[in-house]
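Examining the three-dimensional arrangement
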Amino acid sequence: MSVRKVFVIAMDNEAAAVTAHLEGVSEETVFSRRVIRGTLDGEPTAIVVAGIGKSNAAAAAQLALCLFNPEVLLNVGVAGALHAPMKVAEIYRVRAAVQYDFDLAQINGTKIGTLNEYQDREIPLDLVGNALPEALLATGDRFNDSQVDYRFLVDDVKADLRDMEGAAIAHVAYRAGVKFRSIKSVSDVAGSGSTTDQYLANLKIALSSLSAAIPAFFKD
């Protein structure tokens, strides 16, 4: 079955931000992953719920491609902001993504985050014409308050946001020649206390803001 736009989303609560806008919802399990179908703004739409982390994200993205042969993969979710002026529940569109914990520097002499088949560590995304601010997303299989990670992400990668899935989906889409678009809602801000405490305290409002942004994001 061909569906033009398919969401690949990490967590059930993030997927709910999209399903709130779907009509005619149905659901099945494919290879132990939730696959949700419906219509959004009158257009057949699907969601594959990945689970947390890069391997889950890549596997779900490939499943989405195989099941639906989409023109565009979409990812929405919450992310940590790396700069103090950024605020909880603000929405950003991702212009590019980096797998900051991928390191072949000793073999290839490339910057940390550069995948083996590339020379540039930033994987570009398809930017659509809305007014949301742009951000560089750093993806890694870590959720922490490490100052080492923070300094690397800010000073070297020059990232704005941090998550655990986006760049892995971007990699799959880029290799497949499929457009990939993503928006993120800020759940925590570096330098404002424990990211874990912030995430738990702010998740509900970040998800609410994300859900409100879905219709405009989907139309682009």
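In the block above lies the structure referred to throughout.
These figures come from a predicted structure and were not determined experimentally. (Residues numbered from 1 in each chain as written. Predicted model: local features only at pLDDT ≥ 70, side-chain atom pairs only at ≥ 80, totals over all residues. Heavy atoms only, no water.)

1. Overview of the overall build of the protein chain
- For the protein chain, the count of helices and strands is six helices and ten strands.
- Taken against the 2.2 N^0.38 rule, which gives 17 Å for 220 residues, the C-alpha radius of gyration of the protein chain at 16 Å falls within 12% of a compact globule.
- Based on the C-alpha atoms only, the size of the protein chain along its principal axes is roughly 45 × 40 × 35 Å.
- Counting over 220 residues, the protein chain shows a buried share of 54%.
- For the protein chain, the computed accessible surface area is about 9,700 Å², with 52% contributed by carbon and sulfur atoms. (Helix = DSSP H or I, 4+ residues; strand = E, 2+ residues; numbered from the N terminus. Rg over C-alpha atoms; globule rule 2.2 N^0.38 Å. Buried < 20%, exposed > 50% of the residue type's maximum accessible area, 1.4 Å probe, protein only. Areas by Shrake-Rupley, 256 points an atom, 1.4 Å probe, with all protein chains shown as cover.)

2. Examining the side chain of Asp 163
- Within the element layout of this structure, Asp 163 appears in strand β9 (residues 161-163).
- We classify Asp 163 as buried; its relative accessible area is 5%.
- One polar contact links the side chain of Asp 163 to the main-chain amide nitrogen of Glu 165, over a distance of 3.4 Å.
- Among the polar contacts listed, one links the side chain of Asp 163 to the backbone nitrogen of Gly 166, at a separation of 2.9 Å.
- Among all residues touching Asp 163, those that are not within four sequence positions of it are Val 78, Ala 79, Leu 137, Ala 138, Thr 139, Gly 140 and Lys 184. (Polar contact = N/O pair within 3.5 Å; in protein donor to acceptor, adjacent residues only side chain to side chain. Contact = heavy atoms within 4.5 Å.)

3. Side note on the packing of helix α1 (residues 12-19) against helix α6 (residues 195-219)
- Remark: α1 packs on α6, axes separated minimally by 8 Å, with the N-to-C direction vectors making an angle of 35°. Two packed elements cross with a definite hand, and for α1 against α6 that hand is right-handed. Together, Asn 13, Glu 14, Ala 17 and Val 18 of α1 and Leu 203, Leu 207, Leu 210, Ser 211 and Ile 214 of α6 make up the contact between the two elements.
- By residue class, the composition of the contact of α1 with α6 is six nonpolar, two polar and one charged. (Axes fitted to C-alpha atoms, helices over the stretch in contact; angles between N-to-C directions. Left-handed = near helix turned anticlockwise from the far one by under 90°. Nonpolar A, V, L, I, M, F, W, Y, C, P; charged D, E, K, R; others polar.)

4. Here's the deal with α6
- The largest bend in α6 comes to about 55°, at Asn 202.
- Between the side-chain oxygen of the N-cap and the backbone nitrogen of Thr 196 there are 3.2 Å, and the N-cap of α6 in question is Ser 194. (Bend = angle between axes of the 7 residues up to and from the residue.)

5. Notes on the pattern of salt bridges
- Per the counting criterion, the structure on display carries 15 salt bridges.
- Close ionic contact of Arg 121 with Asp 156 constitutes a salt bridge, the shortest N to O distance being 2.5 Å. In this pair, Arg 121 is assigned in the loop between α3 (105-108) and β7 (123-124) and Asp 156 in helix α4 (residues 147-157), connecting sequence segments 35 residues apart.
- Classification of Arg 121 by relative accessible area gives buried; the value is 8%.
- Across the pair Asp 126 and Arg 181 runs a salt bridge, and its minimum N-O distance is 2.5 Å. Placement of the pair is Asp 126 in the loop between β7 and β8 (134-139) and Arg 181 in strand β10 (residues 179-189), with a sequence separation of 55 residues.
- Its relative accessible area of 23% is what places Asp 126 among the partly exposed residues.
- One salt-bridge network, in which partners are shared between bridges, spans Arg 4, Glu 43 and Glu 71. (Salt bridge = Lys/Arg side-chain N within 4 Å of Asp/Glu carboxyl O.)

6. Observations regarding the packing of aromatic side chains
- Taken as a whole and assessed by the stated rule, the structure comprises three aromatic pairs.
- Judged by centre distance (5.6 Å) and plane angle (65°), the ring pair of Tyr 118 and Tyr 174 falls under edge-to-face. With Tyr 118 in the loop between α3 and β7 and Tyr 174 in helix α5 (residues 166-176), the pair connects residues that are 56 residues apart, well separated along the chain.
- With a relative accessible area of 15%, Tyr 118 lands in the buried category. (Phe/Tyr/Trp six-rings, centres within 6.5 Å; stacked < 30°, edge-to-face > 60°.)

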